[in-house]
Amino acid sequence: MDTRGKIHVLVAHADDIVSAGLQALLAACANMVVTLAPAGAVVADGPVDVIVTDHRNALLCCRAPAPAKARRTPVLIVTQKDTEWDVHLARMAGVQGYLLHSDGGVQLELAVLMLGRGLRYMSPSLQADALIDPKIASLTRRENDVLMLLAQGCCNKTIARELRIEVGTVKTHIKGLFAKLGARARTHAVVLGAQRGLIQYGGRGLQL
């Protein structure tokens, strides 16, 4: 089969059912050659123009060192994650395309075509929220750590002990969180953080 001029797509989604569906939809496109990666691997035997994968694997793929003098393969995320923070993390990592599971086959084909041409593509349902509040985007790693501990009901002394910093430094971080989130109190900061996808459940539960 002559594959010259076609877009070579690697489907490497963590969910086997989603992978099978993506492969079937893209294989029906006459201008694409689709390969299904082994479970849990984002690897291919031959050249790849676009990688279609899940949110976690996309971040890992984009953050991995690029081969010397080689063009990094464009990555398209297909996911259920739709918070502004999830999208922000993907864009900051270098992901070129972002689709939701609710998007149809037409959007999938269009996204792959655009990435194959060196362009970007965002799910239409996310475009209105694509510009994350710059204050939220500017949360530091330490402020994120403090927010997670606030969500677990930790007091300032506990946060200081967990992060190995001074109580006064914890208060400074909390003040910064309030300003960036527009929060009036600790509980309010946790609620706003959860609404924006900044807080991920880690097993200890949220304490509101």
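Position numbers for residues count from 1 along each chain, tracking the sequence in the order it is written. Where totals are concerned, whole chains, interfaces and linings use all residues; where local detail is concerned, this predicted model gives features only for residues with pLDDT of at least 70, and gives and counts side-chain atom pairs only at 80 or more. Note that water and hydrogens are dropped before the side-chain values are worked out from all heavy atoms of the structure.

Undergrad: Would you mind going over the sheet that holds strand S5 (residues 97-100) in detail, with residue names and values included?
TA: Two strands are counted as paired when DSSP detects at least two bridges linking them. Helix and strand assignments come from DSSP, with helices taken as H or I runs of at least 4 residues and strands as E runs of at least 2, each series counted from the N terminus. Taken in spatial order, the 6 strands of this open sheet run S2-S1-S3-S4-S5-S6, and their pairing is parallel. Among the strands making up the open sheet, the edge pair consists of strand S2 (32-36) and strand S6 (121-122). Two elements, strand S3 (residues 50-53) and strand S4 (residues 75-79), share 3 bridges in a ladder whose sense is parallel. Bridging from a neighbouring strand, Thr 53 pairs with Ile 77 of S4. Along the sheet, helix H2 (residues 55-63) makes contact with strand S1 (7-12), S3, S4 and S5, crossing S4 at roughly 160 degrees. A contact between two residues is defined here by any heavy atoms of the two lying within 4.5 Å. Geometry is summarised by axes, namely lines fitted to C-alpha atoms with helices restricted to the contacting stretch, and by angles between N-to-C directions that run from 0 to 180 degrees.

Undergrad: I'd like to hear about the packing of helix H6 (residues 141-151) against helix H7 (residues 156-163), residue by residue, with values.
TA: Packing of H6 against H7 leaves a shortest axis separation of 10 Å and a crossing angle of 130 degrees. In terms of orientation, H6 lies oblique with respect to H7. With respect to the hand of their crossing, H6 and H7 are arranged in right-handed fashion. Each of Arg 142, Asp 145, Val 146, Leu 149 and Leu 150 in H6 lies in contact with H7, whose residues at this interface are Ile 159, Glu 162 and Leu 163. Each residue receives one of three labels: charged for Asp, Glu, Lys and Arg, nonpolar for Ala, Val, Leu, Ile, Met, Phe, Trp, Tyr, Cys and Pro, and polar for the others, Gly being one of them. Across the contact of H6 with H7, the residue classes tally to 5 nonpolar, no polar and 3 charged. Here the angle decides the label: under 35 degrees means roughly parallel, over 145 means roughly antiparallel, 65 to 115 means roughly perpendicular, and every other value means oblique. Two helices that cross are described as forming a left-handed crossing if the nearer one is turned anticlockwise from the farther one by less than a right angle, and a right-handed crossing if clockwise.

Undergrad: Lay out helix H1 (residues 16-27) in plain terms, naming residues and giving numbers.
TA: For a helix, the expected span equals 1.5 Å multiplied by the number of residues minus one. For H1, with 12 residues, the first-to-last C-alpha span of 16 Å sits near the 16 Å given by 1.5 Å per residue. Each element contacted by the buried residues of H1 is listed here: S1, S2, S3, S4 and helix H4 (105-116). Sitting at the amino-terminal end of H1 is Asp 15, which places a side-chain oxygen 2.9 Å from the backbone nitrogen of Ile 17. Contacts described as polar in this section are N or O atom pairs within 3.5 Å, which, within protein, must combine one atom able to donate a hydrogen with one able to accept it, while residues neighboring in sequence count only if both atoms come from side chains.

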